[in-house]
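Listed here are the chains, written in short residue letters.
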Amino acid sequence: MGVLRWLVHLFFKPSTEAKASVLNGNHSLGEVAKGLQEGKYKRIVCLAGAGISVNAGIPDFRSKAGMYALAQQWDLPDPWAVFSLDFFLQRPEPFYWLLQQYFPKEFRPTLTHSFFHLLDRKGLLLRVYTQNVDCLELLGGLDSDRLIQVHGKLCDAHCVGCHKQMPIAQVQTEVMQNGTPRCDQCQGLVKPDVVFFGEDIPMKFVRQAIVDLPRCDLLLCMGSSFQVTPFANLIEKVDDLVPRVLFNKDSAGTLEDPGPLAASGQAFRFHSPDNYRDVFAQGDCDEQILALCRQLGWEQELRGLHEQCSGVLNAATLQRLQDGQTGVVSGT
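The rules behind these values
Residues numbered from 1 in each chain as written. Predicted model: local features only at pLDDT ≥ 70, side-chain atom pairs only at ≥ 80, totals over all residues. Heavy atoms only, no water. Axes fitted to C-alpha atoms, helices over the stretch in contact; angles between N-to-C directions. Helix = DSSP H or I, 4+ residues; strand = E, 2+ residues; numbered from the N terminus. Parallel < 35°, antiparallel > 145°, perpendicular 65-115°, else oblique. Left-handed = near helix turned anticlockwise from the far one by under 90°. Contact = heavy atoms within 4.5 Å. Polar contact = N/O pair within 3.5 Å; in protein donor to acceptor, adjacent residues only side chain to side chain. Buried < 20%, exposed > 50% of the residue type's maximum accessible area, 1.4 Å probe, protein only. Pairing = 2+ DSSP bridges. Core = buried A, V, L, I, M, F, W, Y, C linked by side-chain atoms within 4.5 Å. Patch = residues over 30% accessible without salt bridge, like charges linked within 9 Å, V, L, I, M, F, W, Y side chains within 5 Å. Areas by Shrake-Rupley, 256 points an atom, 1.4 Å probe, with all protein chains shown as cover. Salt bridge = Lys/Arg side-chain N within 4 Å of Asp/Glu carboxyl O. Nonpolar A, V, L, I, M, F, W, Y, C, P; charged D, E, K, R; others polar. Expected span 1.5 Å × (residues − 1).

Peer 1: When you look at the packing of helix H3 (residues 29-37) against helix H11 (residues 285-296) in this model, what are you seeing that I'm missing?
Peer 2: Relative orientation and spacing of two packed helices are given, respectively, by the angle between their axes and the distance between those axes. Relative orientation of the contacting elements H3 and H11 amounts to 50°, with a least axis distance of 9 Å. When the axes of H3 and H11 are compared, the pair comes out oblique. Both H3 and H11 take part in a crossing whose hand is right-handed. Contact residues: Leu-29, Gly-30, Ala-33, Leu-36 and Gln-37 in H3; Gln-288, Leu-292, Gln-295 and Leu-296 in H11.

Below is the structure:
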């Protein structure tokens, strides 16, 4: 039924009365919580960016203190070059240096990661689409079938030449010793399965988004600047009568923001007089998610799931995830 309605609205725009009924003129978390309590939303899609992992201790590369800024010490032609396949093949050292910032640490999932698990347990979650490669969604208890890692993942590694899989623990050891991981079959460079510019995004993302977004009845976006496509374009793919919520410190993805959505008629319209479905929950992601859960009476359940989470992002769990082992998270 969701796909049929999406096709109808693709050609016929909703009426003024239909628009008014989406949030009843109240663009707030309270109205979204009311809709959840009334059972209006049962196929929630979440879009997650780097901001949700900041409270786990992982720097947001978009910030002045983030990894991206630190990478500039390598005299890169531009900050994005560190994630360019062509540049990596010529100068892999800056990217391996960035990996050194991840590998020795132990990062724990945040309340936002546990929120995904909570939605799934309640039977309300359709899918989580994440830009993050840290796998904290999985360590937070989310089933892998509910997760689409749009930009790849840190818990697997392959040769960029012959594509042979390499043990992530071996890659980590070589990186931490300032070495250059190479394939034992063709001597090509080896890197974790992080999607670089110049590489194709996972086909699973393309196939699943075509199915999920038309079925979505509530879109929850968090911690992203919505500057990178095709991830940013996902906010345009839901039905015109689907509420869209952004949990973020700063406004993003709007008509006023420079970026890929600026010229889109489907960008967020938080500050536009014709806004009828977009809600901006400004602030720290965890705090705003807690605020929503308090209104729903879910706070203790969320905190309980978070306390039960024993997953820690380190060398051992990365290898276990690569090996397909379960039991990374307790209490699930």
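On we go from here.
Peer 1: Hey, could you run me through the side chain of Arg-127 in this one?
Peer 2: Along the polypeptide, Arg-127 turns up in strand S2 (residues 125-130). Polar contacts involving the side chain of Arg-127 include one to the main-chain carbonyl oxygen of Asp-145, which spans 3.0 Å. If we ignore the near neighbours within four places in the chain, the residues touching Arg-127 are Ile-44, Val-45, Cys-46, Asp-145, Arg-146, Leu-147, Ile-148, Gln-208 and Asp-212.

Peer 1: Sorry if this is basic, but what is going on with the pairing of strand S4 (residues 152-159) here?
Peer 2: The side chains of a regular strand alternate, first on one face of the sheet and then on the other. Burial analysis of S4 places 6 of its 8 residues in the buried class, the great majority of the element. Where S4 lies against strand S5 (residues 190-194), 5 bridges are found, and the strand directions are antiparallel. Note that in S5 the partner of His-158 across the bridge is Lys-191.

Peer 1: Would you take a moment to explain the environment of Ile-168 for this structure?
Peer 2: As for its placement among the helices and strands, Ile-168 is situated in helix H9 (residues 168-176). Distance in space between the C-alpha atoms of Ile-168 and Lys-191 is 8.9 Å, their sequence separation being 23 residues.

Peer 1: What's the story with the nonpolar core in this structure? I'm lost.
Peer 2: Taken as a class, soluble globular proteins show a tendency for nonpolar side chains to be buried jointly. Phe-115, Leu-220 and Met-222 are the most contacted members of the largest nonpolar core, which totals 78 residues. In contact with Phe-115, other than residues within four places in its own chain, are Leu-220, Ile-289, Leu-292, Cys-293, Trp-298 and Leu-302. Membership of the second largest hydrophobic core comes to 26 residues, among which are Val-45, Leu-213, Ile-235 and Ala-267.

Peer 1: Hey, could you run me through a nonpolar patch on the surface in this one?
Peer 2: Taken together, the side chains of Met-203, Val-206, Ile-210 and Val-211 make up a nonpolar region of the molecular surface, amounting to roughly 350 Å² of accessible area. Relative to the elements of secondary structure, Ile-210 occurs in helix H10 (residues 203-215). According to the relative accessible area criterion, Ile-210 is exposed, its value standing at 61%.

Peer 1: Would you explain the pairing of strand S1 (residues 44-48) in this entry?
Peer 2: With 5 of 5 residues buried, S1 lies mostly within the body of the structure. Pairing analysis gives 5 bridges linking S1 to S2, with the strands arranged parallel. In the sheet register, Leu-47 faces S2, and the bridge partner there is Tyr-129. In the sheet, S1 pairs with strand S6 (residues 218-222) via 5 bridges, with the strands oriented parallel. Bridge assignment links Ile-44 to a residue of S6, and that residue is Leu-218.

Peer 1: Honestly, the packing of H9 against helix H13 (residues 315-322) in this entry has me stumped. Any pointers?
Peer 2: In the contact formed by H9 and H13, the axes pass within 8 Å of each other and the chain directions differ by 145°. Contact with H9, carried on its side by Ile-168, Ala-169 and Gln-172, involves Ala-315, Leu-318, Gln-319 and Gln-322 of H13 and no other residues of that element. By residue class, the composition of the contact of H9 with H13 is 4 nonpolar, 3 polar and no charged.

Peer 1: Mind showing me how you'd approach H11 here?
Peer 2: Its 12 residues give H11 an end-to-end C-alpha distance of 17 Å, which sits within 8% of 16 Å, the value for a rise of 1.5 Å per residue. Inspection of H11 places Cys-285, Asp-286, Gln-288, Ile-289, Leu-290, Leu-292, Cys-293 and Leu-296 among the buried residues, and these make up the whole buried set. Turning to H11, the residues buried within the fold contact H3, helix H7 (111-121), S6, strand S7 (244-248), strand S8 (278-282) and helix H12 (299-308). One side-chain oxygen at the N-terminal end of H11 lies 3.0 Å from the backbone nitrogen of Asp-286; it belongs to Asp-284.

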